[in-house]
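Descriptive structure summary
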Amino acid sequence: LGHARCYITWDVLYRYLKFKGYDVTYCRNVTDVDDKILKKAEKEGKTPEEVSTFWYQRFSESMKALNNLKPDIEPFATKTLGEMISIVKDLINKGYAYEANGDVYFRVKKFPQYGYLSKQPIDQLESGARIEVGEQKEDPLDFALWKKDEKFGYKSPWGVGRPGWHIECSAMSRKYLGKTIDIHAGGADLIFPHHENEIAQSEAATGKPFARYWMHNGYINVDNQKMSKSLGNFRLVRDIAQEFDLEAVRLFLLSAQYRNPINFTRELIEQANTALTRIRTARERLAEAKEGPATAEDESFIASLAEHEKRFCDAMDDDLNTADALGAMFDYARAVNTFVTEPRSKEALEKAAKLFDDMTNVLGILQHKKAEEFPKEAVALLNERAEARKAKNWARADQIREELKAMGFAVEDSKEGAKLKRL
């Protein structure tokens, strides 16, 4: 769920920038070789590729279930090894890195800006740095660019080994987005050391700024405790999907501005589900609204749409404040509910629907809850029931309800008429 928050946030950023007319290239890289994957492969008697392929497929299924769009580029670390080796060679040639018995390390103290992203002075970092057994660093602060690994490694100028996690991301970023990128995003837990190390090795290699803007999403707490594997309170998306509508989970995760922590509780998810139903119902009522001649009230409503859109965009422009954007969305849904109580002009209904869809598309909600198609036999029975009720033939109407129930459908009566719903 913590990762879900991260990817939902950047999905909304991607959607919003495109909505605003920007030409966006969204790159989301895949780390398919690292220490954790290798340990898991060894433990399960599998190849690293088998482990990473399995979990990448699981990840992709979760992204789709959460309504996240596919990024424009999704590079894999193992397919970018040549670029990694090239950057490491450049860093060695410039004196920023050194080889030690098959390992290659980055000289942190040679990069004076180190620590500026995490706002940690170098002397503070030094006090907590350690050299682990088997490491041959010049300085405890230095970090690995390449690791000797004769079992799972790849050929390189320094012997058989594999890349460090940090250099993977720098290489993929440079290959697909260039030496300087506009926005680099990730979880707050990655600021140090991962993003700090990315900056150091990238800028030392290219002499150019690595990223113009950094965006980091906050943590998720579960029942007021930080979510973590050690506490055993972390939640998997596929498990949550057994209990909750994932669009409601998405709405819940967007109900706080992305930098702020958010507290996951059953009660809050249920509230989000109720809120989602309100938005969905408003959109359905808009779709079913009766058309009529244009009136002054229609013109007034059309004129108000610009203000509703401005409120929504002002919130999104304020450091992607999805909490306030949702507030604007709910206010608009209420206005729509009031507006469609009377027949309205075709122009007013179409413009109202466009703004509604623009907002929900940016937030990534109401994406797969389209009008459901029911079997012709069930629809025919529903229509027959309506005629029976009109003729006050209550016995036949009740009989049809039972027949539909046997087919797996419930009948919901409302002011707008009867609807079918799957049991």
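Just above sits the structure.
What you are looking at is a predicted structure, and each value in this text was computed from that prediction instead of being measured.

Here the focus is the pattern of salt bridges. Scanning the entire structure with this criterion turns up 34 salt bridges. Notably, a salt bridge pairs Arg 107 with Glu 138, separated by 2.8 Å at the nearest N-O pair. Linking Arg 107 in the loop between strand E2 (103-106) and helix H5 (122-128) with Glu 138 in the loop between H5 and strand E3 (143-148), this pair joins segments that are 31 residues apart in sequence. A residue is classified by how much of its surface remains accessible, and Arg 107, at 23% relative accessible area, is partly exposed. For Arg 280, the salt bridge identified is with Asp 245, shortest N-O distance 3.6 Å. In this pair, Arg 280 is assigned in helix H10 (residues 266-288) and Asp 245 in the loop between helix H8 (237-240) and helix H9 (246-253), connecting sequence segments 35 residues apart.

What follows is about the packing of helix H11 (residues 296-317) against helix H13 (residues 346-363). Where H11 meets H13, the closest approach of the two axes is 9 Å, and the angle between their N-to-C directions is 10 degrees. With respect to H13, the axis of H11 lies roughly parallel. Taken together, the residues of H13 that come into contact with H11 (itself represented by Asp 298, Glu 299, Phe 301, Ile 302, Leu 305, His 308, Glu 309, Phe 312 and Met 316) are Glu 347, Ala 348, Lys 351, Ala 352, Leu 355, Met 359, Val 362 and Leu 363. Per-class residue counts for the contact of H11 with H13 are eleven nonpolar, one polar and five charged.

With that settled, consider the packing of helix H1 (residues 2-19) against H11. Taken N-terminus to C-terminus, the directions of H1 and H11 make an angle of 130 degrees; their axes are 12 Å apart at the nearest point. What the angle tells us is that H1 and H11 run oblique. Between H1 and H11 the crossing geometry is left-handed. Contacts between H1 and H11 pair Val 12, Tyr 16 and Phe 19 from the former with Glu 309, Cys 313, Met 316 and Asp 317 from the latter. Among the residues making up the contact of H1 with H11, the classes are represented as five nonpolar, no polar and two charged.

Thresholds, definitions, all that
Residues numbered from 1 in each chain as written. Predicted model: local features only at pLDDT ≥ 70, side-chain atom pairs only at ≥ 80, totals over all residues. Heavy atoms only, no water. Salt bridge = Lys/Arg side-chain N within 4 Å of Asp/Glu carboxyl O. Helix = DSSP H or I, 4+ residues; strand = E, 2+ residues; numbered from the N terminus. Buried < 20%, exposed > 50% of the residue type's maximum accessible area, 1.4 Å probe, protein only. Axes fitted to C-alpha atoms, helices over the stretch in contact; angles between N-to-C directions. Parallel < 35°, antiparallel > 145°, perpendicular 65-115°, else oblique. Contact = heavy atoms within 4.5 Å. Nonpolar A, V, L, I, M, F, W, Y, C, P; charged D, E, K, R; others polar. Left-handed = near helix turned anticlockwise from the far one by under 90°.

Take it as geometry only, folks, not as evidence of what the structure does.
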